[in-house]
Amino acid sequence: MPMSANLPPEPDSAARLLRRALALGTLCAGLAATALVWNGLREGHDREVRAEFDYRVRELQARIARRMATYQQVLRGAQAYALATPPLPGAAAFRTYVGTLQLRQDYPGIQGIGIALVERGAGPRRSSVVMIEPLDVMNRRALGYDMFAEPVRRAAMERARDTGDAALSGQVRLVQEGSGTGQPGFLMYLPLYTQAAQGMAMDAANNVTNNVSNNADNNAQQRGRAFQGWVYGAFRMHDFMTGLNGEREADLHVAVYDATPEPPNCMYGCAYPDGTARLDELRTIAVAGRPWILRVRSNPVFEERMASQQAAWAGVAGIIVSILSALLVWLLAQGRDRARQLARRITEDLQRSYGKLRHERSRLISILDNANDAFVAMDAAGAITYWNAQAERIFGWNVAEALGRPLRHLFPGEQPELDRLLAFDDSAFENGRGQRLELVAATREGLPVPVELSCSRVDSDGAPALHGFIRDLSASKAAATREAQRQQDLQQARQALSRAQKLEAVGKLTGGVAHDFNNVLQVIYGNVQAVAMAPRAPDTPRRLAGALAAVERGANLSRQLLAFARRQPLAPVVINLARLLRNIDDLLHRALGEGIELATRVEAGLWNTLADLNQLENVVLNLAINARDAMAGQGQLTIELSNAVLDEHYAAVVPDAVPGDYVLLAVSDTGSGMPPEVQERVFEPFFTTKPEGEGTGLGLSMAYGFVRQTGGHIRLYSEVGVGTTMRLYFPRSGAPEAAPPDVPPPATGGTETILLVDDDADVRETVTAMLRGLRYTVLEAADADEAIRVLRTGAPVDLLFTDVVMPGTLPVSELARVARHLRPGLAVLFTSGYTQDAAQHGGQLEPGTHLLSKPYRRDELATKVRAVLDERSDPPPQDSPLAPQRVLVVEDNDDLRDLTCEMIMALGWQATGVGSAEAALESLEAGGIGAVFTDVELPGMSGLALAQRLADNPELPVVIVSGRALGDDVPPGVRFLFKPYRIDAVEEILAQLRLQRQETGEQGMD
């Protein structure tokens, strides 16, 4: 038998085809199932990525909307504060209010909050910024800026004005950015009306009227009449978005457009790397009536972070399984042994696949356990099913203790938003993700912990479950507290720096005064010393003339300093500024030169004002010369005169301004202009931008002091490269214009007797020689007391010529009153180089007061003395002497009461003492009391209460005696005597009471 007969028969072709078909069918079925699983996993992963992206976009959109709504409420608070302090808050009060908001710390992106007012009057409409806080270096650039000059700002301002609601501008370049690159910005405006008009604006904005068409027109007209201006906020877009973005915003590219997503309208995130983003989303955000377009695109970082290999692993595993299954079918068909071997291999491959799955699960658990945030899972019953290591570190519960515990127990107290999440309320979720909540949790020991909860709802075996990350905010809260403390320390350092800068300014002022006066003294000293060494030298007249010129320079310097300090004596007259300009027209043309074109504009019907004519001419000339220097001798100078009415709203926001009628003098040039740092110091004495030796730096400071002393104020408008305008406001006078003064004839002296009072012996000697050279008889006194003694001797005195500032117990004003009482018809002439509150009232000479400012020349002395003597009137008849008054002393200390009564009686008065305020009232009812001296600390009613009851009687003088300062507690009209006091202090008080009686013509009571 052939050996081939022992072999199994060869399978036929049909059987071979069947085995191949089975193997191929198994392979195709496995590959199809693998493709379905792979596609399902990939689509599921894409949905998760899209859901995560959509959630991030919605969250960013909501954060921007909430942040802008919060900032709108901040501006509404400023609007309410402005309306609650009519007419508007002062600059200091507004600075304090904005300072409490801590904009840089709590509201990043807000560059400042300001107030802009509508300037009413002739000419184009303007809306200048009159106040902005915080008043730092950048925000100062916005002061005085006309917002109506830019269409984008103007459109938003008019929309806020017409609707009464907040209005957002389009993209603008903030004035604060200066000339640098800066950031894109925008502004939000809220209108300011009067209280009634504000209510109408709110009704119009909410559409609560019945007849919308008619009432809208009426309300618009009323709001227009009561409209004041705007409260507005200036925003820097990059700062706003930087403060808004979270720690994970780097994996997304965020861009914000104004109105349309066009490149010119891009405000933030305009640069995007090359390539197309996988995810790209556009959202519209409505902010205060204006749409923003938010465009968010995914970065490679986001796509890499969200990448998953699950589908790839499933595909690879499916292909392998499919191939192995096909081989298994093939091998089963080939033989059982080979099938068993193949089964073992398949089992090993499956074990390896399951090992990889276990490894992936371990890696996920490791990631969760090493996360910086606590990860917690909760089932449908609210019990904890997963608890990572960070959760154990935050709360103190280990895994065994935490599993199965209700998650709500970690958050004690009422927290309704958390309860909605834990109850799986659909309103608390959006696409399966819950809102981020800032909550207060509790540790195992019961200690409070501030945390942030971010969670999502998932399905677990058909039941809802919750997965959440919990972040410990303790470190960030502590950092915020440290930052607040740092800001407080920084503010204190700034205040210390401000004080140092003030001391530096005083030092510069002192140095400037010393420098200029030393130069003057050096000229005088050098010339006088040369004359003393060679009195008969040929150049002696020239040297004396140089010394006199230096004296005149020193006098001018002193007058300019007094003008800045508002201490110069003024002799105001009613004048019309148009006539003043005509009088100095030739002088201005000569001072400006041929290269300057001078133009003057005078409003018809110009009002009169009350001012010192000579000082005003000097101010106009100084401003013209400064403008000439700023234009380098080539340009146009415009001087305008017009009437101006300033209301309470303007005065409330402009420092130094008082509501009323004013005459406006505006001097404008086309020069180089001033940068902000120069504008801040332009009115400082001795500050100048001119080269050394070409200016004293006192011209503008003198102008500022003169205008303030006259009762007006001065405003400066300047722009670099455009020019400068100085606007001087002088109060209106209703009196007719004074006639031009007559030129007095040369004085020749006289034969009258003059009592010269000056505490400086050298001055007395010099002035006595000058007066005697004019043929006057001169009596000398070193102080007020000595002058009174001279007058009481009966010596004939025609003129009292006294210095204003002198030591002694009797003020110079009282010396003049006593002297006129002793010598009725006596002429009085004051002299001083500093006359604050001595011979002036409100910065101007009191009516009937004559003053000769130091230093003065011989001809000035002769003219002034002769004029005062010629102005004397005939002496009035002598009045009968006043009888001594009875003074009531109210003091509970017996020894002190008796001592005070003895002092008063020693000074020629009658005195009666009581120990309480109640006894004093009984004595006053009995009559016969001409004055009351009362202590503060009394049994029963206090001395202050007694003084307040007696202050209503102007005929009964009251003197409060106390050993401590009382400040504003002293009633008006009540005098104050400080303990301990001497008899000369009591004598001064009684002398004042006697002079008051003489002026009112009262008779005393015995």
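Scoring rules and cut-offs
- Residues numbered from 1 in each chain as written.
- Predicted model: local features only at pLDDT ≥ 70, side-chain atom pairs only at ≥ 80, totals over all residues.
- Heavy atoms only, no water.
- Helix = DSSP H or I, 4+ residues; strand = E, 2+ residues; numbered from the N terminus.
- Contact = heavy atoms within 4.5 Å.
- Areas by Shrake-Rupley, 256 points an atom, 1.4 Å probe, with all protein chains shown as cover.
- Expected span 1.5 Å × (residues − 1).
- Pairing = 2+ DSSP bridges.
- Axes fitted to C-alpha atoms, helices over the stretch in contact; angles between N-to-C directions.
- Phe/Tyr/Trp six-rings, centres within 6.5 Å; stacked < 30°, edge-to-face > 60°.
- Lys NZ or Arg CZ within 6 Å of the ring centre and 35° of its normal.
- Salt bridge = Lys/Arg side-chain N within 4 Å of Asp/Glu carboxyl O.
- Buried < 20%, exposed > 50% of the residue type's maximum accessible area, 1.4 Å probe, protein only.
- Patch = residues over 30% accessible without salt bridge, like charges linked within 9 Å, V, L, I, M, F, W, Y side chains within 5 Å.
- Parallel < 35°, antiparallel > 145°, perpendicular 65-115°, else oblique.
- Left-handed = near helix turned anticlockwise from the far one by under 90°.
- Polar contact = N/O pair within 3.5 Å; in protein donor to acceptor, adjacent residues only side chain to side chain.
- pLDDT = per-residue confidence, 0-100.

Draft legend 1. Region of the structure containing the overall build of the protein chain. Check the secondary structure of the protein chain and you find 29 helices and 36 strands. Look at the contacts in the protein chain between residues 6 or more apart in sequence, and 66% of them connect residues 24 or more apart. About 52,800 Å² of surface is accessible on the protein chain, with carbon and sulfur atoms providing 54% of the total.

Draft legend 2. View of helix α22 (residues 761-773). Here α22 is 13 residues long and its end C-alpha atoms lie 18 Å apart, about the 18 Å a rise of 1.5 Å per residue gives. Considering only its buried residues, α22 is in contact with β25 (753-757), β26 (777-781), β27 (799-803) and α25 (858-870). With its phi angle positive at about 75°, Arg 775 sits one or two positions after the end of α22.

Draft legend 3. A look at the sheet that holds strand β34 (residues 931-935). The five strands are arranged β33-β32-β34-β35-β36 in an open sheet whose pairing can be described as parallel. Two strands bound the open sheet, and with one partner strand each, they are β33 (910-914) and β36 (975-978). When strand polarity is set aside, the average angle formed by the axes of neighbouring strands in this sheet is 20°. With four bridges connecting them, strand β35 (residues 958-962) and β36 associate as parallel partners. Counterpart to Val 959 in the pairing with β36 is Arg 975. The strands touched by helix α26 (residues 894-906) within the sheet are β32 (886-890) and β33, with β33 carrying the most contacts at an inclination of about 170°. Along the sheet, helix α27 (residues 917-926) contacts β32, β33 and β34; its crossing angle with β32, the most-contacted strand, is approximately 160°.

Draft legend 4. Examining the packing of aromatic side chains more closely. Within this structure, the stated rule accounts for 16 aromatic pairs. Seen from their ring centres, Tyr 81 and Tyr 97 are 4.4 Å apart, and the 5° between their planes marks the pair as stacked. Taken together, the positions of Tyr 81 in helix α1 (residues 13-84) and Tyr 97 in helix α2 (residues 91-101) put the pair 16 residues apart, joining distant regions of the chain. Following the ring pairs from residue to residue traces out a cluster consisting of Tyr 71, Tyr 107, Phe 186, Phe 235, Phe 240 and Trp 292. One cation-aromatic arrangement involves Arg 405 over Trp 397; the distance from NZ or CZ to the ring centre is 3.9 Å.

Draft legend 5. Representation of the pattern of salt bridges within the structure. In the structure shown here, the tally under the stated rule is 31 salt bridges. Close ionic contact of Glu 119 with Arg 126 constitutes a salt bridge, the shortest N to O distance being 3.6 Å. Of the residues examined, Glu 119 reaches a relative accessible area of 31% and is grouped as partly exposed. For Arg 126, a relative accessible area of 30% corresponds to the partly exposed category. A salt bridge links Arg 154 to Glu 158, with the shortest nitrogen-to-oxygen separation between them at 3.1 Å. Of this pair, Arg 154 and Glu 158 both sit in helix α4 (residues 151-163), four residues apart, roughly one helical turn. When salt bridges that share partners are traced, they join Arg 50, Asp 54, Glu 281 and Arg 283 into one network.

Draft legend 6. View of a nonpolar patch on the surface. A cluster of nonpolar side chains, namely Leu 31, Ile 319, Ile 323 and Leu 327, defines an oily patch on the protein surface of about 310 Å² accessible area. Broken down by element, the residue count for the nonpolar patch peaks at three residues, all from helix α9 (residues 310-334).

Draft legend 7. Up close: the packing of helix α17 (residues 585-592) against helix α18 (residues 613-630). Here α17 crosses α18 at 25°, and the two axes come no closer than 10 Å. Taken together, the axis directions place α17 and α18 in an arrangement best described as roughly parallel. For the element pair α17 and α18, the recorded crossing hand is right-handed. Each of Leu 587, Leu 588, Ala 591 and Leu 592 in α17 lies in contact with α18, whose residues at this interface are Val 620, Leu 621, Ala 624, Ile 625 and Arg 628.

Draft legend 8. Structural detail: the environment of Thr 260. When you line up the elements, Thr 260 lands in the loop between β7 (252-258) and β8 (266-268). The sequence separation of Thr 260 and Pro 291 amounts to 31 residues, and the corresponding C-alpha distance is 8.3 Å. Sequence-distant contacts of Thr 260, that is, excluding residues within four places in its chain, are made with Asn 265 and Ile 293.

Draft legend 9. Quick look at the side chain of His 253. Looking at the secondary structure, you find His 253 in strand β7. At 2.7 Å, the side chain of His 253 forms a polar contact with the backbone oxygen of Ala 271. Those residues in contact with His 253 that lie beyond four places of it in its chain are Gly 269, Ala 271, Tyr 272, Arg 295, Val 296, Arg 297 and Asn 299.

Draft legend 10. Structural context of the confidence of the model for the protein chain. Considering every residue of the protein chain, the mean pLDDT works out to 78; 79% of them sit at 70 or more. pLDDT under 50 marks residues 835-845. Its contacts with residues more than four places away, or in other chains, come to 30 contacts. This model gives residues 874-883 a pLDDT under 50, and the stretch forms 13 contacts once residues within four places in sequence are excluded.

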